[in-house]
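# Chains, contacts and geometry: an overview
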Amino acid sequence: MICLGIESTAHTFGVGIVRWNGTILANLKESVTSIKGGMIPAEVAKHHREVANKILHKALEAAKVSLNNINLISYSAGPGLPPCLRVGRDEAVRLSKQENIPLIGINHCVAHLTIGDLLCKTQHPLYVYVSGVNTQIIALAGKRLRVFGETLDIGLGNALDKFGRAANLGFPAGAELEKKSEGGTYIELPYAVKGMDVSFSGIVTKAQRLLKEGTPLSDVCFSMQETCFAMLTEIAERALSHTEKKTLLLVGGVAANKRLCNMLQIMCKERGATFAAVPLEFSGDQGAMIAWQGILENKSGRVDNPELADIRPYERTDDVDVTW
Ligand code: AMP
Ligand code: MG
């Protein structure tokens with residue numbers, strides 16, 4: 001049994017092909033990047049429509065399968081940018097109807113968590129989920145993935161990208177900002193932890209001002225990383241203590257950052273907990289995680305009617321019933 005998963009919530013259009021046992025056969029994607037400016041939803045959707053067919057066929061080729069071999073089509077129903085979500089949904093519905101393959105629309109955030117569990121062999125860890133839009137500390141409680149702490153304004157990735165735009169680092173800026181932080185020295189930025197939640201916009205504003213005033217870029221990048229990551233580490237530690245979890249799993253695009261991994265790893269070690277981070281290829285948005293989440297939910301009996309296939313732009317991690 002094989003599932004084909006389609007991702008299109010934001011900057012990335014991806015197709016992943018995964019076997020029922022979790023073997024990943026293909027994971028192809030193309031992302032919108034820019035030297036200046038960020039994402040304009042209608043333009044990103046246009047990009048996705050243009051590359052959809054090419055990525056689909058490349059993925060089938062890489063997996064050495066044809067559409068006849070696919071037993072389930074899964075797509076990101078949300079959360080995300082509506083024009084982009086519609087591209088993935090439309091492609092999934094088209095394939096489902098044309099090839100008569102069962103269809104399932106899943107939650108993108110939950111897929112970031114479960115691909116981490118698959119690849120790191122973790123079971124019900126404390127999740128630290130940091131992507132462009134999302135920053136959440138999550139753990140399974142009962143039938144829900146409960147959010148124990150989250151950003152009160154923008155996601156960590158977006159904070160780094162927003163500063164990166166002011167500093168001409170291109171979009172997305174996280175990886176470039178990480179490089180530029182090397183050799184920097186610390187300057188105090190607004191450390192904003194409110195109970196179990198964090199907020200990043202004050203840090204971005206102050207960082208932009210420092211840059212305008214002529215502070216070396218490496219110092220600002222270094223200080224941004226140290227401050228944002230320390231805030232996250234603080235709430236993650238409190239969540240570990242509260243939930244009595246013994247494993248922390250870092251997922252989402254910002255999991256690619258070595259300093260963030262390092263800080264969380266030190267904290268875990270001091271508490272006698274195990275630290276794991278999703279492998280780089282699967283940290284950012286891609287289709288393999290959408291396929292795997294489709295398999296998990298289908299195994300537990302779910303299937304959607306292609307005529308009613310929806311998008312759910314505002315669906316939260318903790319809105320989803322954990323049935324798998
Ligand atoms: P996602 O939305 O999960 O695809 O994650 C994308 C986000 O990850 C963007 O905001 C990137 O700037 C960020 N990102 C990617 N690589 C790094 C890195 N090495 N350090 C920090 N952020 C990163
Ligand atoms: Mg994502």
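Note that the coordinates shown come from a computational prediction; the quantities given were computed from them, not determined experimentally.

## Brief notes about helix α2 (residues 82-99)
Taking 1.5 Å as the rise per residue, α2 with 18 residues should run 26 Å; its terminal C-alpha atoms sit 25 Å apart, in good agreement. Of the residues making up α2, those classed as buried are C84, L85, V87, G88, R89, E91, A92, V93, L95 and S96. Where α2 ends, the next residue or the one after it, N100, has phi of about 55°, a positive value.

## Describing the site of ligand 1
Taken together, 19 residues lie near ligand 1, and D161, G174, E178, G253 and N257 sit nearest. Contacts to ligand 1 include G174, whose backbone N or O atom sits 3.0 Å from an oxygen atom. When isolated, ligand 1 has an accessible area of 510 Å², and the protein chains bury 90% of it. When residues of the shell around ligand 1 are traced back to their parent elements, those giving at least two are α4 (156-166) and α5 (174-180). When its residues are assigned to classes, the shell around ligand 1 shows six nonpolar, 10 polar and three charged. Both domains that meet at the shell around ligand 1, namely domain 1 (2-108 + 284-319) and domain 2 (113-282), each give it at least three residues.

## Structural notes on the pairing of strand β6 (residues 126-130)
Counting buried residues along β6, five of its five residues qualify, which places the element largely inside the surrounding structure. Along β6, one buried face is formed by L126, V128 and V130 and the opposite face, lined by Y127 and Y129, is buried too. As judged from the four bridges shared by β6 and strand β11 (residues 247-251), these two strands associate in the parallel manner. The residue of β11 that forms the bridge with L126 is L248. As paired strands, β6 and strand β7 (residues 135-141) are joined by four bridges and run antiparallel to one another. The residue of β7 that forms the bridge with Y127 is I138. The turn linking β6 back onto β7 is made up of four residues.

## A word on helix α3 (residues 108-120)
For an α-helix, the turn length of 3.6 residues means that residues three or four places apart are oriented alike. The first and last C-alpha atoms of α3 sit 18 Å apart over 13 residues, in line with the 18 Å expected at 1.5 Å per residue. Taking burial as the measure, the 13 residues of α3 include 10 buried ones, the bulk of the element. Residue K121 follows α3 closely and has a positive phi angle near 55°.

## Side note on the coordination of the magnesium ion (ligand 2)
At the metal site, the magnesium ion (ligand 2) is ligated by H108 (NE2), H112 (NE2) and D285 (OD), and these contacts range over 2.0 to 2.3 Å. On the basis of relative accessibility, which here comes to 4%, the residue H108 falls in the buried class. Taking relative accessible area as the criterion, H112 reaches 1% and is therefore assigned buried.

## Things to note about the nonpolar core
When a protein is soluble and globular, its nonpolar side chains tend to lie buried together. Counting 74 residues, the largest nonpolar core has V128, L156, F163, M224, L248, L250 and L264 as the members making the most contacts within it. When residues of this core are assigned to domains, at least three fall in each of domain 1 (2-108 + 284-319) and domain 2 (113-282). Apart from residues lying up to four places away in sequence, L248 is in contact with L126, V128, A236, L240, L264, M267, C268, T274, F275 and A276.

## Things to note about the packing of α4 against helix α7 (residues 217-243)
One way to put it is that α4 packs onto α7 with a least axis distance of 12 Å and a crossing angle of 170°. If you check the angle between α4 and α7, you find them roughly antiparallel. For the pair α4 and α7, the sense of crossing is right-handed. Where α4 approaches α7, its residues L156, A159, L160 and F163 are matched on the opposing element by L217, V220, C221, M224, C228, F229 and L232. For the contact of α4 with α7, a count of residues per class yields 11 nonpolar, no polar and no charged.

## Re unusual backbone geometry
Cis geometry is found at the peptide bond from G78 to P79, where omega equals -5°. Its location among the elements puts P79 in the loop between β4 (72-78) and α2. Unusually for a residue other than glycine, H124 sits at a positive phi of about 50°. Turning to its location among the elements, H124 is positioned in the loop between α3 and β6. If you check the backbone angles, N168 has positive phi at about 55° while not being a glycine. Inspection of the secondary structure puts N168 in the loop between α4 and α5.

## Quick notes on the side chain of E91
Tracing the backbone shows E91 in helix α2. Residue E91 is classed as buried on the basis of its relative accessible area of 12%. Excluding its chain neighbours within four sequence positions, the residues that come into contact with E91 are I6, A52 and L56.

## Details of the sheet that holds strand β5 (residues 103-107)
In spatial order, the strands read β3-β2-β1-β4-β5; together these five strands make up an open sheet with mixed pairing. Across the chains shown, the open sheet's two edge strands, defined by having one partner strand only, are β3 (24-31) and β5. Recorded for the sheet is a direction-independent mean angle of 20° between the axes of neighbouring strands. Here strand β2 (residues 12-19) pairs with β3 via seven bridges, running antiparallel. In the sheet register, T12 faces β3, and the bridge partner there is S31. Across the sheet, helix α1 (residues 41-63) is in contact with β1 (2-7), β2 and β3; its angle to β3 comes to roughly 155°. Most of the contacts of α2 go to β4, to which it runs at about 160°, and overall it touches β1, β2, β4 and β5.

Each value, and the rule that gives it
- Residues numbered from 1 in each chain as written.
- Chains lettered and ligands numbered in written order.
- Predicted model: local features only at pLDDT ≥ 70, side-chain atom pairs only at ≥ 80, totals over all residues.
- Heavy atoms only, no water.
- Helix = DSSP H or I, 4+ residues; strand = E, 2+ residues; numbered from the N terminus.
- Expected span 1.5 Å × (residues − 1).
- Buried < 20%, exposed > 50% of the residue type's maximum accessible area, 1.4 Å probe, protein only.
- Near = heavy atom within 4 Å.
- Polar contact = N/O pair within 3.5 Å; in protein donor to acceptor, adjacent residues only side chain to side chain.
- Areas by Shrake-Rupley, 256 points an atom, 1.4 Å probe, with all protein chains shown as cover.
- Nonpolar A, V, L, I, M, F, W, Y, C, P; charged D, E, K, R; others polar.
- Domains from an automatic or database assignment.
- Pairing = 2+ DSSP bridges.
- Donors = N, O, S within 2.8 Å, 3.2 Å for Na, K, Ca; no water.
- Core = buried A, V, L, I, M, F, W, Y, C linked by side-chain atoms within 4.5 Å.
- Contact = heavy atoms within 4.5 Å.
- Axes fitted to C-alpha atoms, helices over the stretch in contact; angles between N-to-C directions.
- Parallel < 35°, antiparallel > 145°, perpendicular 65-115°, else oblique.
- Left-handed = near helix turned anticlockwise from the far one by under 90°.

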